[in-house]
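# An overview of the molecular structure
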Amino acid sequence: MLEIKNIHKSFGPNEILKGVDLKIEKGDVVVILGPSGSGKTTLLRCINFLEKADQGHANFGDIDVNLNTATKKQIHTIRQKTAFVFQNYNLFHNKTALENVTEGLIIGRKIPKAEANEMGKKALDKVGLSEKYDAYPSELSGGQQQRVGIARAVVLNPDIILFDEPTSALDPELVGEVLSVMKNIAKEGTTMLVVTHEMSFAKDVANKVVFMDGGVIVEEGPPKEIFSKPKEERTKQFLHRVLPEDYIFYI
Amino acid sequence: MDFKFLVDTFFVALSGVPIALIITIISLLIALPLGFMLALTRINKIPVLQRFAQVYVSFIRGTPVIVQIFIVYSSVPLLLTSLFEKYHIDKNVYDINPIWYAFIVFSINTTAIMIEIFRSAIGTVSKGQLEAAYSVGLTNVQAFRRIIIPQVLVTALPNICTATVNLIKATSLGYAMSLQEITLRAKVAANVGYNYVEAYLDIFLVYLILCSLVEYVFKRYEKRLSKYKTAHA
Ligand SMILES: Nc1ncnc2c1ncn2[C@@H]1O[C@H](COP(=O)(O)OP(=O)(O)OP(=O)(O)O)[C@@H](O)[C@H]1O
Ligand SMILES: [Mg+2]
């Protein structure tokens, strides 16, 4: 459903992505793991054209675009098929929770306001924010803001939602509420590409785990395989660092 | 103190208010969008334009308004005369209403101030706001109109208010171009009987009332626009 081929991206002299290929089927939940600076964020940003790749293709089944030379119209089409959940939420400060969620519907998709409001309220209900339609971001906790962020992505009913470390800016006690919302939308069959350091999410929800290091995909496979018998030395070392001593044996 | 003159001249000074306001409004209408766009060229480091904006700002801010008035008021007519001669236009430049020169001077001047105001205000809106707008499918223009500009305006509004009040006060320099604004009208009235103290008091009052009103309107508007900031439960 989404196939990414040979993405390259440099910032100045530093090559951050050195030819990344990735295949995602409809309904997949793919988790990307990897050390800081390995290019995870950059990969997601290139897929959504927030960063312009130097080279590479994205194939969405019905449309194939060159990530370097895409036209404005193609970029717009791809952005309609994808949604992004940001590490620091990036809710529109000047809009209420409901307006945040409906903005893309009313302005981006030209859906009539009444209908968009219905859809927006449903999306906010789904993430447990029925009481907060009219709250501004400054009135919401981090966990609530991120749930609005997820509702804003879900409501667009995109082919795929890209998550860039959606819980890493949150206080530990708020991580759970966001992860459970993500679990729910995964259950509904939403296709998700998730960068996270939450190993429990990777283990319990993902059907594919991708390990990235130094701008390339080192290893990928079902979570069971990656966690219990990683093949590559770099994967082993990384997992050893981020997982408790004997965690691997209990999976 | 001649009270009758004081009261009469108050209304004479007051009759100059529309001129001061028209100059202020026209200058703002030109300076706000132009200043915003030039501020963007500086922030996005657009090669030639950002350099131009930089030089422009330092020229305007480094010279007194009255000198800018003298320069425009003396050079533009010369320029026009030669233009009229070249294209055989039968029009006397000295018939031109000085308000046109005021529009030019004050627009040029206010634009420079707006560039600086917007430059710092745009800097306070994070890049993430624009990226989030793109990610939900907004175009560049839509993102600016609906997300960026409203937030920039809220931050910039107190400074825009100050600039507007300063602009109103600066229109009093229009008397140097024989512009029939507040100051000149009252002064002319005083010339007859040498009642300068009364006339200056009237001028003082008119500017005070006008500027206070403008400030009040801005404060109200600011409160309404920024409700998302102060809405904290
Ligand atoms: N706009 C940019 N300009 C220059 N360098 C950048 C830019 N964005 C990212 N980089 C560099 O690219 C490298 C990879 O960054 P990226 O954010 O993709 O890593 P990451 O895997 O997401 O790391 P983390 O786990 O810390 O979020 C880093 O070394 C970073 O400094
Ligand atoms: Mg990152």
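Per chain, residue numbering runs from 1 following the sequence as it is written. For this description, chains carry letters from A and ligands carry numbers from 1, given in the order in which they are written. Totals for whole chains, interfaces and linings use every residue, but because this is a predicted model, local features are given only for residues with pLDDT of at least 70 and side-chain atom pairs only at 80 or more, for both listing and counting. Where side-chain values are given, they derive from all heavy atoms of the structure, hydrogens and water being excluded.

### Side note on the overall build of chain B
- On a plain count of helices and strands, chain B comes out with ten helices and zero strands.
- The numbering of helices and of strands both runs from the N terminus, where a helix is a DSSP run of H or I of at least 4 residues and a strand a run of E of at least 2. Ordered by position from the N terminus, the helices and strands of chain B form the series α-α-α-α-α-α-α-α-α-α.
- Counting only C-alpha atoms, chain B reaches 70 × 60 × 30 Å along its principal axes.
- Throughout this description, buried means an accessible area under 20% of the type-specific maximum (1.4 Å probe, protein chains only), exposed means over 50%, and partly exposed covers the range between. When burial is assessed residue by residue, chain B has 45% of its 233 residues classed as buried.
- Any pair of residues with heavy atoms lying within 4.5 Å of one another is described as a contacting pair. Long-range pairs, those at least 24 residues apart, make up 81% of the contacts in chain B with a sequence separation of at least 6.
- The accessible surface values rely on the Shrake-Rupley method and a 1.4 Å probe; as for residues, cover is taken only from the protein chains in view. As displayed, chain B has an accessible area near 12700 Å², and 69% of this comes from carbon and sulfur atoms.
- Positive and negative charge centroids in chain B, built from 20 and 12 side chains respectively, lie 16 Å apart. Residues counted as positive are Lys and Arg, residues counted as negative are Asp and Glu, and His and the chain ends are not counted. For charged residues, the charge sits on one atom: NZ in Lys, CZ in Arg, CG in Asp, CD in Glu.

### Looking at the overall build of chain A
- A count of helices and strands for chain A gives nine helices and ten strands.
- It is over C-alpha atoms that the radius of gyration is taken, and the globule rule equals 2.2 Å times the number of residues to the power 0.38. Computed over the C-alpha atoms, the radius of gyration of chain A is 18 Å, within 12% of the 18 Å expected from 2.2 N^0.38 for a compact globule of 251 residues.
- Referenced to the eigenvectors of the C-alpha coordinate spread, the extents of chain A come out at roughly 55 × 45 × 30 Å.
- Across the 251 residues in chain A, those meeting the buried criterion constitute 56%.

### Some words on the environment of Arg234 of chain A
All names here are of chain A.
- Within the fold, Arg234 resides in helix α9 (residues 233-242).
- We classify Arg234 as partly exposed; its relative accessible area is 41%.
- Spatially, the C-alpha atoms of Arg234 and Gly214 are 10 Å apart, while their sequence positions differ by 20 residues.
- Once residues within four sequence positions are removed from consideration, Arg234 is found in contact with Phe211, Asp213, Val216 and Val218.

### What about the nonpolar core?
- Here, nonpolar core refers to any group of buried Ala, Val, Leu, Ile, Met, Phe, Trp, Tyr and Cys residues whose side-chain atoms link them within 4.5 Å. Counting residues in each nonpolar core, the largest one holds 150 residues, and the members touching the most others are Leu124 and Leu193 of chain A.
- Here this core gets 14 residues from one element, more than from any other, and that element is helix α7 (residues 140-170) of chain B.
- Ignoring anything within four residues of it in the chain, the contact list for Leu124 of chain A reads Ala97, Leu98, Val101, Leu129, Ser130, Tyr133, Val148 and Ala151 of chain A.
- In terms of nonpolar packing, the next biggest core, distinct from the first, is built from seven residues, Leu38, Ala53, Val57 and Ile115 of chain B among them.

### Digging into the interface of chain B and chain A
- Of the residues lining the interface, 23 residues belong to chain B; the matching set on chain A comes to 26 residues.
- Between chain B and chain A, the buried area comes to about 2100 Å², and carbon and sulfur atoms account for 56% of it.
- We count a salt bridge whenever a side-chain nitrogen from Lys or Arg sits within 4 Å of a carboxyl oxygen from Asp or Glu. Where chain B packs against chain A, one counts two salt bridges.
- Between Arg45 of chain A and Glu131 of chain B there is a salt bridge, with the nearest N and O atoms lying 2.7 Å from each other.
- Polar contacts here mean pairs of N or O atoms no more than 3.5 Å apart (in protein, one a potential hydrogen donor and the other a potential acceptor; neighbouring residues in sequence count only if both atoms are side-chain atoms). Inspection of the chain B/chain A interface yields seven residue pairs in polar contact (both at pLDDT 80 or more).
- At the level of elements, α6 (127-135), α7 and α10 (227-230) of chain B are the ones that each hand at least two residues to the side of chain B that touches chain A.
- Looking at the side of chain B that touches chain A, the element that brings in the most residues is α6 of chain B, giving eight residues.
- Put simply, Ala, Val, Leu, Ile, Met, Phe, Trp, Tyr, Cys and Pro go in the nonpolar bin, Asp, Glu, Lys and Arg in the charged bin, and everything else, Gly too, in the polar bin. Residues belonging to the side of chain B that touches chain A are distributed by class as follows: ten nonpolar, eight polar and five charged. Computed with a 1.4 Å rolling probe, the buried area is the accessible surface lost when two parts are put together, summed over both parts.

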